Amino acid sequence: MTPDLIFALPGNETQAEQLADALGCKAGALTTRKFPDGETYLRFDSAIEGKRVALVSTLNDPDAKIVPLLFAANAARMMGASKVGLCAPYLAYMRQDRSFHPGEAVTSRAMAALVSQYFDWMVTVDPHLHRYKSMAEIYTIPVTAVHAAPALSAWIAAQVKNPFLIGPDEESAQWVSETARGLGAPYATLEKIRQGDRVVTVSAPDVAVIGDRTPILLDDIISSGQTMLEVVKLLRAKGIEHPICLAVHGLFAGHSDRALTELGARIVTASSVPGPFAQIDLTRLIADGIRQTA
Ligand code: R5P
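Position numbers for residues start from 1 in each chain and track the written sequence from start to end. In view of the model being predicted, local features appear only for residues whose pLDDT reaches at least 70, and side-chain atom pairs are presented and counted only at 80 or more, with totals across whole chains, interfaces and linings using the full set of residues. The side-chain values count all of the structure's non-hydrogen atoms but skip hydrogen atoms and water molecules.

(A) Quick look at the domain arrangement of the chain. Reported domain spans reflect what an automatic or database domain assignment gives. The assigned domain composition of the chain is domain 1 (5-147 + 282-293) and domain 2 (149-271). In what follows, residue pairs with any heavy atoms lying within 4.5 Å of each other are defined as contacts. Contact residues are listed per partner, giving twelve residues for domain 1 and 13 residues for domain 2. Between domain 1 and domain 2, the buried area comes to about 1,100 Å², and carbon and sulfur atoms account for 58% of it. Values labelled buried area give the accessible surface lost by two parts on being combined, using a 1.4 Å probe and summing over both. It is Y90, D126 and L282 in domain 1 that bury the most area against domain 2; as a group they hold 43% of the surface buried on that side. Salt-bridge detection follows one rule: a side-chain nitrogen of Lys or Arg within 4 Å of a carboxyl oxygen of Asp or Glu. For the pair domain 1 and domain 2, the interface holds zero salt bridges.

(B) Local environment of the sheet that holds strand β8 (residues 143-146). Read across the open sheet, the six strands follow the order β2-β1-β5-β6-β7-β8; overall the sheet is parallel. Strands with a single pairing partner mark the edges of an open sheet, and in this sheet they are β2 (26-27) and β8. Strands are labelled as partners when DSSP assigns at least two bridges between them. Counting from the N terminus, the helices are the DSSP runs of H or I reaching at least four residues and the strands are the DSSP runs of E reaching at least two. When strand β1 (residues 5-8) meets β2, the two strands line up parallel, connected through two bridges. Pairing of L5 across the sheet is with K26, part of β2. All axes are obtained by fitting lines to C-alpha atoms, using only the stretch in contact for helices, and the reported angles, taken between N-to-C directions, cover 0 to 180 degrees. Taken strand by strand, helix α1 (residues 13-23) contacts β1, β2, β5 (52-56) and β6 (83-88), and its axis lies near 165° from that of β1. Contacts between helix α2 (residues 62-78) and the sheet are confined to β5 and β6, with β6 contributing the most and set at about 160° to the helix.

(C) Representation of unusual backbone geometry within the structure. Of note in this structure, D61 is not a glycine but carries a positive phi near 50°. Locating D61 in the fold gives a position in the loop between β5 and α2. The rule is simple: take the accessible area with a 1.4 Å probe, protein chains only, and divide by the maximum for that residue type; under 20% is buried, over 50% is exposed, in between is partly exposed. Classification of D61 as exposed rests on a relative accessible area of 52%.

(D) Geometry of the pairing of strand β15 (residues 266-270). With four of five residues buried, β15 is to be regarded as a mostly interior element. Looking at chain direction, strand β14 (residues 244-250) and β15 are connected through four bridges and run parallel. Note that in β15 the partner of L246 across the bridge is V268. Crossover handedness is defined by viewing with both strands directed away from the observer: a clockwise path from the first strand over the helix to the second marks the crossover as right-handed. Each parallel crossover has a hand, and for β14 linked through helix α8 (residues 256-262) to β15 it is right-handed. Of the pairings in the sheet, the one linking β15 to strand β16 (residues 278-280) comprises two bridges and is parallel in character. Within β16, the residue paired with T269 across the bridge is A278.

Encoded structure:
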């Protein structure tokens, strides 16, 4: 089904309008501001009683965004919306998927419990599914996880003549191999060890097999950017200076986009997190996901 009204949380206005166009529904108006003490003010300026409503909020910088989002969902229900769905193209808190050390919170489950409580459905893009096999393991509402791979493959096919795909770790292996097969391109996957939030080591790529092809480092997310930076440095050390860093979600914590660019890499991401590198538009895929789920 299609929602009647789509509302953007701050920063998601363009994505919400594009989705409303793609779905043939209306973009509603939601006013938000901060009170002087930092609390959130919210007002729905479109009538929502009896309407199927979708809220759009990509969840980079999640701690600042989650409280206003849950308040908006709660208000929509209180005002009589018949369904309240969430479109979160980037879904935060998926990587803490087990207690790695005693006492650690498994925040992916806490996040799933909150979203499942406040929303009737959710659509997201390539959530980091590693130890969980599907979203149904932790979410109790219908969730559609849209795959960006076809859009990334189409971008590579149109933009890069002789690609060589590199997956930086074993988690990327399945995805990179499928994408490479679809393109008829060679690929390699590396081995990564993460020692800390900003410390990773990656095994060196075999540059002899890359030859004169354009290396494309392919990953689901650039977060701190350390994974990509390590591979870019390894390639540079072996004389390969201008790889492409291609990811679904570009967060670029700590200005890692600048560091990657300074090392000669070209960065391209999908549109799940808006920004200067978000060149691969996912609107059509996300709209299809919403039609299937709402
Ligand atoms: C890891 O499992 C993911 O697929 C990414 O490789 C990782 O999350 C990237 O993180 P960062 O940019 O912080 O190295």
